[in-house]
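# Reading the structure
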Amino acid sequence: MSLALLTGSTGVLGRKLVPYLAKSYKLILHYRSSDEVLKELLSDSAVRKSLVKVVKWDFSTGSLEDFIRKVLDAGMPSLVILSASYYDSTPLARVSEELFNYLVKVNLVAPSYIALRIGREMSDGLIVFLTDMIAISGHEVYAEIKPSLPYVASRGSLQYVVKHLAKELAPRVRVIGIAVGWIENPRASRKLREAAIRSIPTKTFVTPDEIYLAIELAVRSPNLNGVFLTLSGGL
Ligand SMILES: NC(=O)c1ccc[n+]([C@@H]2O[C@H](COP(=O)([O-])OP(=O)(O)OC[C@H]3O[C@@H](n4cnc5c(N)ncnc54)[C@H](OP(=O)(O)O)[C@@H]3O)[C@@H](O)[C@H]2O)c1
């Protein structure tokens, strides 16, 4: 069985992808702080069976080199899914230099550097940047939410990172992005969920199995490289 690394495995979306990945891969799971969510994930025996290592790491403070070393100590992944991120909606008047530094480190520097370093070591495989639609369509794509300027800045250049790395790491390793529209989020208010559904042309949330299907498609498509797939219902 091949090895997969998933960052942000405790996220609303990340945690839903784990059971799918566990069916086909040995797993290295990263998370930052959600111990309870991780415990819940590990209560699934299939996940426990496929688990090789858990790495708890804060990308804003911990050295990325040390994180990468811990990952590679467990083996060489052939699938890397970069899902960890931090969403922010601070209004313009309250944006600080610290906030810029934090979001750019966590949302741009961390996934890009991890992809570059691990991608250079991998003998073959696929790297997937998992993002929202803001990364490819900018700050107005979701009518119902207002991402902060540093958040938009931290996500916007990922499309160029994907293109650049895809060229540099080929032919051994392919790099793609998957931009996801709205998924069902139990943390969101009913009002927001209803407004979101109204705004989606297909009138349905994107489901984790669709996202996993897109990942599988990318794994099996030797010429899918350097692009962002979108799963948004046409947002
Ligand atoms: N949820 C959605 O509605 C949605 C919709 C479209 C696209 N997406 C995209 O899908 C991806 C995953 O989303 P999600 O819903 O799983 O996100 P989420 O629920 O906000 O979870 C974020 C994940 O990143 C980790 N993380 C946060 N800050 C970190 C830091 N400083 N260092 C290291 N890890 C950190 C969190 O770890 P802990 O929780 O352990 O602290 C968590 O595992 C993101 O790129 C997001 O933009 C999400």
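You'll find the structure just up there.
Residues numbered from 1 in each chain as written. Predicted model: local features only at pLDDT ≥ 70, side-chain atom pairs only at ≥ 80, totals over all residues.

### What about the site of the ligand?
If you check the shell around the ligand, you find 26 residues, and the closest are G8, G11, V12, R32 and S34. Ranked by residue count, the leading element in the shell around the ligand is strand β5 (residues 125-132), at 3 residues. In terms of residue class, the shell around the ligand is built from 12 nonpolar, 11 polar and 3 charged. (Near = placed C-beta within 6 Å. Helix = DSSP H or I, 4+ residues; strand = E, 2+ residues; numbered from the N terminus. Nonpolar A, V, L, I, M, F, W, Y, C, P; charged D, E, K, R; others polar.)

### Considerations on the environment of V173
Looking at where V173 falls in the secondary structure, it is placed in strand β6 (residues 173-180). Distance from V173 to G125, taken between C-alpha atoms, is 5.0 Å for residues 48 residues apart in sequence. Those residues in contact with V173 that sit more than four places away from it in its chain are G119, M122, D124, G125 and I127. (Contact = placed C-beta atoms within 7 Å.)

### Quick notes on the pairing of strand β2 (residues 25-31)
Most of β2 is tucked away, with 6 of its 7 residues classed as buried. As paired elements, strand β1 (residues 2-7) and β2 share 5 bridges and run parallel to each other. Bridge pairing in β2 places L3 opposite K26. The handedness of the β1 to β2 crossover, carried by helix α1 (residues 14-24), is right-handed. Relative to strand β3 (residues 51-56), β2 runs parallel, the two sharing 5 bridges. What sits directly across from Y31, in β3, is K56. (Buried ≥ 20, exposed ≤ 12 C-beta atoms within 10 Å, placed from the backbone. Pairing = 2+ DSSP bridges. Right-handed = clockwise from strand over helix to strand, strands pointing away.)

### Points about the packing of α1 against helix α10 (residues 208-220)
Relative orientation of the contacting elements α1 and α10 amounts to 55 degrees, with a least axis distance of 9 Å. Here α1 is positioned oblique relative to α10, judged by the angle of their axes. Taken as a pair, α1 and α10 cross one another with a handedness that is right-handed. Here α1 contributes K16, L17 and Y20 to the contact with α10, which in turn contributes P208, D209, I211 and Y212. (Axes fitted to C-alpha atoms, helices over the stretch in contact; angles between N-to-C directions. Parallel < 35°, antiparallel > 145°, perpendicular 65-115°, else oblique. Left-handed = near helix turned anticlockwise from the far one by under 90°.)

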